[in-house]
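This is what each chain is made of:
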Amino acid sequence: MIPAQFDYVRPDSLDEACRALASDEDAKVLAGGQSLLPLLRLRLAYPSTLVDVGRLAELKGVHDRGDHVFIGAMATHDEVVHSGVVRADCPLVALAAATVADPAIRHRGTFGGSLAHADPAGDLPAVVLALDGVFVARSERGEREIPAAEFFVDYLESALDAGEILVGVKIPKLGAGWGFHYEKFHRTAQAWAIVGVAAAVRRSNGSIAEARIGLTNMGPTPLRARAAETALEGVELGDQVRQACEEAAAGASPPADLHAQPDYRRHLAKVLTHRAIRTAAGAP
């Protein structure tokens, strides 16, 4: 299909981009376009103006900032996958980004664009949620930070206000002693996850001292499996881990669609959480 008519603006600075968004409440930000362009073609989105932020250096790159890694909103998935800083200090992000779609889309799609799209079936939202990331947004009113726990509001809806641009995401460095894994179940290599699990595990004296679990496609937003995280505290690797992971779907409201029904997704969440936790913990 042919998109509805819209104006096109390509600003040279972040301040200019903020002014363009502030002047039109129906404007949309265009980054890599891998999420927005299909919506335009299907006429599921009707922006009056597209603000192309592709040339803005302020939104690009991956930066080591001491206690956290700052990933610019315009960093592509491929840049994130191959970033030495990301691999060293927040490898879970690199593991999940490597599963996004296919190489062509990873070279074009952007880290911030995927997160701002707020699709609960996307791989990265659950990861940033599990790692307690912080979103940095800019508008004409100034800059503000939004914790990941507050960023994903509803299906395809984020906490970004009208006129705000996502500048990047702060990913805290968890330090030594942590293991990570992203487990994803999907029909084909390029498909959305039917269910995905992002796991971070810290072991102490042979037991799980702390676990963080983010769930993909288990509700209208990405979720933290809080009940399973609590059940895993102090558990030694073995049958007790499997039992604790039975809590992975507690409180979730998984969708029903052509690919899976809610009960199947709940089952997958338990199985995939067990796999992800064992792998992150370094179990044989």
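So, here's what we can say about the structure. (Residues numbered from 1 in each chain as written. Predicted model: local features only at pLDDT ≥ 70, side-chain atom pairs only at ≥ 80, totals over all residues. Heavy atoms only, no water.)

1. A short note on the sheet that holds strand β12 (residues 195-204)
- With respect to topology, 4 strands assemble into an open sheet ordered β11-β12-β13-β14, the strand pairing being antiparallel. This sheet does not close on itself; its edge strands, each paired only once, are β11 (178-185) and β14 (223-224).
- Alignment of β11 against β12, held across 8 bridges, turns out to be antiparallel. Looking at β12, one finds that Y182 is bridged to A198.
- Lying on the sheet, helix α12 (residues 262-280) is in contact with β11, β12 and β13 (207-216); it crosses β12 at an angle near 35°. (Pairing = 2+ DSSP bridges. Helix = DSSP H or I, 4+ residues; strand = E, 2+ residues; numbered from the N terminus. Contact = heavy atoms within 4.5 Å. Axes fitted to C-alpha atoms, helices over the stretch in contact; angles between N-to-C directions.)

2. Details of the pattern of salt bridges
- The full count for this structure, using the stated rule, is 21 salt bridges.
- A salt bridge links D12 to R55; its shortest N-O distance comes to 2.5 Å. Of this pair, D12 sits in the loop between β1 (7-9) and α1 (14-22) while R55 sits in the loop between β3 (49-52) and β4 (62-64), and the two are 43 residues apart along the sequence.
- For R55, a relative accessible area of 39% gives the class partly exposed.
- Here D64 ties to K173 by a salt bridge, and the two come within 2.7 Å at their closest N and O atoms. With D64 in strand β4 and K173 in the loop between β10 (165-172) and β11, this pair connects stretches of sequence that are 109 residues apart.
- Owing to a relative accessible area of 46%, D64 belongs among the partly exposed residues under this scheme.
- Residue classification places K173 among the partly exposed residues on the basis of a relative accessible area of 24%.
- Connected via shared salt-bridge partners are D132, R202, E210, R212, R224, R226 and E229. (Salt bridge = Lys/Arg side-chain N within 4 Å of Asp/Glu carboxyl O. Buried < 20%, exposed > 50% of the residue type's maximum accessible area, 1.4 Å probe, protein only.)

3. Topic: α12
- Taking 1.5 Å of rise per residue, the 19 residues of α12 would be expected to cover 27 Å, and the 26 Å separating its terminal C-alpha atoms lies within 8% of that figure.
- Buried residues of α12: R265, L268, A269, L272, T273, H274, A276, I277 and A280, and no others.
- Close packing links the buried residues of α12 with β11, β12, β13, α10 (226-232) and α11 (239-245).
- Two residues or fewer past α12, G282 is found with a positive phi of approximately 80°. (Expected span 1.5 Å × (residues − 1).)

4. A short note on the nonpolar core
- Counting residues in each nonpolar core, the largest one holds 37 residues, and the members touching the most others are I71, V93, F111 and F135.
- Other than its neighbours up to four places away in sequence, F135 contacts L115, V128, R144, E145, I146, A148, F151, F152, L166, G168 and V169.
- One finds V235, A244, L272 and A281 within the second-largest nonpolar core, a separate group that totals 28 residues. (Core = buried A, V, L, I, M, F, W, Y, C linked by side-chain atoms within 4.5 Å.)

5. Re unusual backbone geometry
- Located in the positive-phi region is R43, a residue other than glycine, with phi close to 55°.
- Residue classification places R43 among the partly exposed residues on the basis of a relative accessible area of 35%.
- Positive phi values are uncommon outside glycine, yet A118 reaches one of about 60°.
- On the secondary structure map, A118 appears in the loop between α7 (111-117) and α8 (123-130).
- Look at A118 and you get buried, because its relative accessible area is 2%.

6. Quick look at the environment of R212
- Inspection of the secondary structure assignment puts R212 in strand β13.
- Since its relative accessible area comes to 12%, R212 is described here as buried.
- Residues within four places of R212 in sequence aside, it is in contact with A130, L131, D132, L174, W178, A198, A199, A200, R224 and E229.
- A polar contact of 3.3 Å, which involves the side chain of R212, links it to the side chain of D132. (Polar contact = N/O pair within 3.5 Å; in protein donor to acceptor, adjacent residues only side chain to side chain.)

7. Considering the packing of aromatic side chains
- Enumeration over the complete set of coordinates arrives at 4 aromatic pairs.
- Ring centres of F135 and F151 lie 3.7 Å apart, and the angle between their planes is 5°; this geometry places the pair in the stacked category. Here F135, found in strand β6 (residues 134-139), pairs with F151, found in helix α9 (residues 148-151); they are 16 residues apart in sequence, far enough to count as distant.
- The class for F135 is buried, based on a relative accessible area of 0%.
- Ring geometry for F135 versus F152: centroids 5.8 Å apart, planes at 85°, classification edge-to-face. (Phe/Tyr/Trp six-rings, centres within 6.5 Å; stacked < 30°, edge-to-face > 60°.)

8. Observations regarding the side chain of R106
- Topologically, R106 is positioned in helix α6 (residues 103-108).
- Of the side chains with opposite charge, D78 lies nearest to the buried R106, which makes no salt bridge, at 5.5 Å.
- Here the side chain of R106 touches V100 through a polar contact of 2.8 Å, landing on its backbone oxygen.
- In this view, R106 contacts T76, H77, D78, A97, A98, T99, V100 and A101; residues no more than four positions away in its chain are not counted. (Lys, Arg positive; Asp, Glu negative; His and termini not counted.)

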